[in-house]
Amino acid sequence: MKRRSIWIIIVLMSVAMIGIGALQMYWINWSIKLGKENFEINIQDALKDVSEYLRRQEQIETNSINFSNDSEKEKRLKKIQSQNLDLRLREVEKRLPSPAKLQQLIDSKLSANGIFTEYRYGVFSTRRNSFVIKNGNYQVDDFGPQVVVPEYTDGELQLINSRYRIDLYTSVNSTPGYLYLHFPYLNSFVWTSTWKSLLAALLFTGAILFCFIYTILIVFRQKKVSEMKTDFINNMTHEFKTPIATISLAADSIKSPKISGNVDKVTRFANIIKQENKRMLEQVEKVLQMAKFDRENLNLKLSQVDLHTVINQAVANISLQVVQKEGNVEAKLQASKFIIEADENHISNIIHNLLDNANKYTPEKPQIKVSTLDRAESIEITIQDNGIGLSKEAQKHIFEKFYRVHTGNLHDVKGFGLGLSYVKALVTAHSGTVKVKSELGKGSRFILNIPYSQPKQ
Ligand code: ADP
C-alpha cells in the first residue's frame, strides 16, 4: 500500500469519525431537548389538573348545603351568591385544603403525569404579597389582611422565579393566589433518561476509534518491516556483489596464460579467492545465526569466561582499523571480578559487534573506550564512542531486527541491521541487560550488565 493511499484513508476515516461524532451529538442534544419539552408539557398539565381540581372541589362544597324543601330554593340561591361573594374576599390559604392535603394532591397529579422527581412548592397570596403555604406548612399565623414588601428567602426566590406556576381560584376580576413549583433536580432528571444512550454512543465510537488507530499502526509497522526487509535484501546483494566480482576477476586472471605459469601469482590470486570466500561465509553465517534465533531456544554453552581477556582480544582485533582512521581504542578494565559464567563464543561476538559499530559509526578519528566495573550481582561493560550518535527515536528501535538509521550521507557504512538485535538476544539469554545512552552528533555509550553466574535451569 502506498503511503499516499494510507494517508487518504486516514483523512477519510477521520472525517467520517468527526461526522459521526457530530451527528451523534446532534441527536443526543435533540433527544435532551425533546425530553425537556415533554417534561414541561407534563408539568403544565399537572398544574392545570391541580388548579382545576381545587376549583371544582370548592364548587362541590359550596353546592352541597342541603335544603329540605323547594320553598327554600330562593334562600339557597341567595346563600350561594353571598358565599361566592364571601369567597372572593377570603384569603387563598383559607380556601385551600390543609397543606398536607394540598401536597397529596400535587403529588398525585404530578405522578399521574409521569413526573417523579423531587419538587418544592409554594402558594403565593396576591393580597399578602407573600407565600402563605410552603412545602407542607403555613407561612402565616395571622390570617388577617396584611400587605408586606417581602424579602424573599433563597428558596422563595427559586419558587418565584420558576416557570411553573398556575393561578388559583381565578374569577372575572381577581386572582387570589398562585401555586408555584420548583424542581431542583430538573436537569439530572432529564439526564437520567439520556445518559445511557450517550454512554453507549461514546463506547461504540471509542471502540471504532481504537480499532481504527490500531489498524493504522499495524499498517505502518508492516510497511516499515517490509521497507527494512527490502533494505536488507539490497544490502545483502551489495555485500555479496563485491566478493563475487573479485572472485570472478581472480579466477579470470588465473586462467590467463600469462599468469597460470607463475606459481607465485597463482597462489596470490588463490588467496584472494579464499579470503573473499571467507568474507562471504561470515556474512552468510551472520544471517543464518539470526534466522536460527527466531526458531530455536538459545542453547548456551556455559563455561567460566575471563571477560577481560575476551575484551582485550576484541580490542586488539579492531585497533588496526581504528588506527587507520587516526583513532584510538582504550580499555580501562577496572572490575575486580571478571570471570563470569557465560558462553564464550557469544560473549566474544557481542563485544566484537559493539566495537565494530563504535568504529563504523564514527567517521573520523574514533576515540573508543571500553571499561568494566563491579556491580552487585553482575559485571558492567561500557563501550563508548565519539561518533554520529543516535536520536531518541532511533534509540528506541536499534535493537530491532533489520533496523538501520537512514542517514543519507552514510551510504558507505555497510550492515544488515542484525548486529544489535543479536547483542540484545544474547545478552537477554545470559539474563543480562543492554542499554544505550547517546546524543546525536556527540557519540554513543552501550552499557551491558551480565550476571556473574547463570540461574540453574
Ligand atoms: P548494522 O549492521 O546496520 O550496523 P546493527 O544492528 O549493528 O546493524 O545496528 C543498527 C543500527 O544502529 C545501525 O544501522 C546504526 O544506524 C545504529 N548504530 C549502531 N551502533 C551505533 C553507534 N555506536 N553509533 C551510532 N549509531 C549506531
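The preceding data block contains the structure.
What you see is a predicted model; the values in this text were computed from it and never measured.

Draft legend 1. Region of interest: the site of the ligand. What surrounds the ligand is a group of 20 residues, the closest being N357, Y361, D385, R404 and L420. Interatomic distance of 2.4 Å between a side-chain N/O atom of R404 and an oxygen atom of the ligand. Contact between the ligand and V405: an oxygen atom at 3.2 Å from a main-chain N or O atom of the residue. With the chains in place, 97% of the 530 Å² that the ligand exposes on its own is no longer accessible. Those elements that place two or more of their residues in the shell around the ligand are α10 (344–360), α12 (419–429) and β12 (443–451). Top contributing element to the shell around the ligand by residue count: α10, with three residues. Each residue belonging to the shell around the ligand can be placed in one class, and the counts come to eleven nonpolar, six polar and three charged.

Draft legend 2. Here's a closer look at the sheet that holds strand β7 (residues 328–333). The strand order across the open sheet built from five strands is β7-β9-β10-β12-β11, with neighbouring strands paired in mixed fashion. Taken across any chain shown, the strands that pair with only one partner, and hence form the sheet edges, are β7 and β11 (433–439). Each adjacent strand pair in this sheet contributes to an overall mean axis angle of 15°, direction not counted. As paired elements, β7 and strand β9 (residues 367–374) share six bridges and run parallel to each other. Note on β9: the bridge partner recorded for E330 is K369. Taken strand by strand, α12 contacts β11 and β12, and its axis lies near 140° from that of β11.

Draft legend 3. Representation of unusual backbone geometry within the structure. Of note in this structure, Y169 is not a glycine but carries a positive phi near 55°. Position of Y169 among the secondary structure elements: in the loop between β4 (164–168) and β5 (177–182). Using a relative accessible area of 6% as the deciding quantity, one classes Y169 as buried.

Draft legend 4. Highlighting the pattern of salt bridges. In this structure the tally under the stated criterion is twelve salt bridges. Here R56 and E52 are joined by a salt bridge, their closest N and O atoms 3.7 Å apart. One end of the pair, R56, and the other, E52, are both in helix α1 (residues 3–63), four residues apart, so they sit about a helical turn from each other. Take R56: its relative accessible area is 45%, and that puts it in the partly exposed class. Taking relative accessible area as the criterion, E52 reaches 31% and is therefore assigned partly exposed.

Draft legend 5. Main features of a nonpolar patch on the surface. Nonpolar side chains collect at one region of the surface, where L23, Y26, W27, W30 and L34 lie side by side and expose about 570 Å² of accessible area between them. Locating Y26 in the fold gives a position in helix α1. On the accessibility criterion, Y26 (52% relative accessible area) is exposed.

Draft legend 6. Fine view of the environment of N359. As for its position among the elements, N359 is in helix α10. A C-alpha to C-alpha distance of 9.3 Å links N359 and V329, two positions 30 residues apart in sequence. Not counting the four nearest positions on each side in its chain, N359 is found in contact with I318, Q321, V322, K325, P366 and I368.

Draft legend 7. Here's a closer look at the sheet that holds strand β2 (residues 130–134). With antiparallel pairing, the five strands of this open sheet are ordered in space as β3-β2-β1-β5-β4. The outermost strands of the open sheet, each flanked by one partner alone, are β3 (137–138) and β4. With five bridges joining them, β4 and β5 adopt antiparallel strand pairing. Each residue of the ladder has a partner; that of I166, found in β5, is L179. The sheet strands contacting α1 are β4 and β5, and the helix crosses β4 at an angle near 20°. Packing against the sheet, helix α4 (residues 99–112) makes contact with β1 (120–125), β2, β3 and β5, and its axis sits at approximately 125° to β1.

Draft legend 8. Inspection of the nonpolar core at higher detail. Counting 46 residues, the largest nonpolar core has I350, I351, L355 and L448 as its most contacted members. Residue contributions to this core peak at seven residues, all from helix α9 (residues 307–324). For this core, the two domains that each supply at least three residues are domain 2 (190–294) and domain 3 (303–451). With sequence-adjacent residues up to four places away left out, I351 is seen in contact with V310, I311, A314, I381, I383 and L448. Among the nonpolar cores identified, the runner-up in size contains 26 residues, and L105, I106, L179 and F183 belong to it.

Draft legend 9. Fine view of the packing of α1 against helix α6 (residues 186–255). Interaxial distance between α1 and α6 falls to 9 Å at its minimum, and their mutual angle equals 175°. Taken as axis vectors, α1 and α6 run roughly antiparallel relative to one another. Its residues assigned to classes, the contact of α1 with α6 comprises 20 nonpolar, seven polar and four charged.

Draft legend 10. Representation of the packing of aromatic side chains in the model. Applying the stated criterion across every chain yields a total of 15 aromatic pairs. Both rings, one in Y119 and one in Y121, keep their centres 6.2 Å apart while their planes meet at 40°; by these two values the pair is tilted. Judged by relative accessible area, which is 1%, Y121 ranks as buried. Ring geometry for F232 against F402: centres 4.7 Å apart, planes inclined by 50°, an arrangement best described as tilted. Pair noted here: F232 is in helix α6 and F402 is in the loop between α11 (392–397) and α12, with a separation of 170 residues, a long-range link. On the basis of relative accessibility, which here comes to 10%, the residue F232 falls in the buried class. For F402, a relative accessible area of 17% translates into the label buried. Following the ring pairs from residue to residue traces out a cluster consisting of F39, Y119, Y121, Y164 and F183. Positioned above the aromatic ring of Y452 is the side chain of K337, whose terminal nitrogen or guanidinium carbon lies 4.1 Å from the ring centre.

Draft legend 11. Structural context of the side chain of R128. Note that R128 resides in the loop between β1 and β2. A polar contact of 2.9 Å, which involves the side chain of R128, links it to the side chain of E93.

Criteria and cut-off values
Residues numbered from 1 in each chain as written. Predicted model: local features only at pLDDT ≥ 70, side-chain atom pairs only at ≥ 80, totals over all residues. Heavy atoms only, no water. Near = heavy atom within 4 Å. Polar contact = N/O pair within 3.5 Å; in protein donor to acceptor, adjacent residues only side chain to side chain. Areas by Shrake-Rupley, 256 points an atom, 1.4 Å probe, with all protein chains shown as cover. Helix = DSSP H or I, 4+ residues; strand = E, 2+ residues; numbered from the N terminus. Nonpolar A, V, L, I, M, F, W, Y, C, P; charged D, E, K, R; others polar. Pairing = 2+ DSSP bridges. Axes fitted to C-alpha atoms, helices over the stretch in contact; angles between N-to-C directions. Contact = heavy atoms within 4.5 Å. Buried < 20%, exposed > 50% of the residue type's maximum accessible area, 1.4 Å probe, protein only. Salt bridge = Lys/Arg side-chain N within 4 Å of Asp/Glu carboxyl O. Patch = residues over 30% accessible without salt bridge, like charges linked within 9 Å, V, L, I, M, F, W, Y side chains within 5 Å. Core = buried A, V, L, I, M, F, W, Y, C linked by side-chain atoms within 4.5 Å. Domains from an automatic or database assignment. Parallel < 35°, antiparallel > 145°, perpendicular 65-115°, else oblique. Phe/Tyr/Trp six-rings, centres within 6.5 Å; stacked < 30°, edge-to-face > 60°. Lys NZ or Arg CZ within 6 Å of the ring centre and 35° of its normal.

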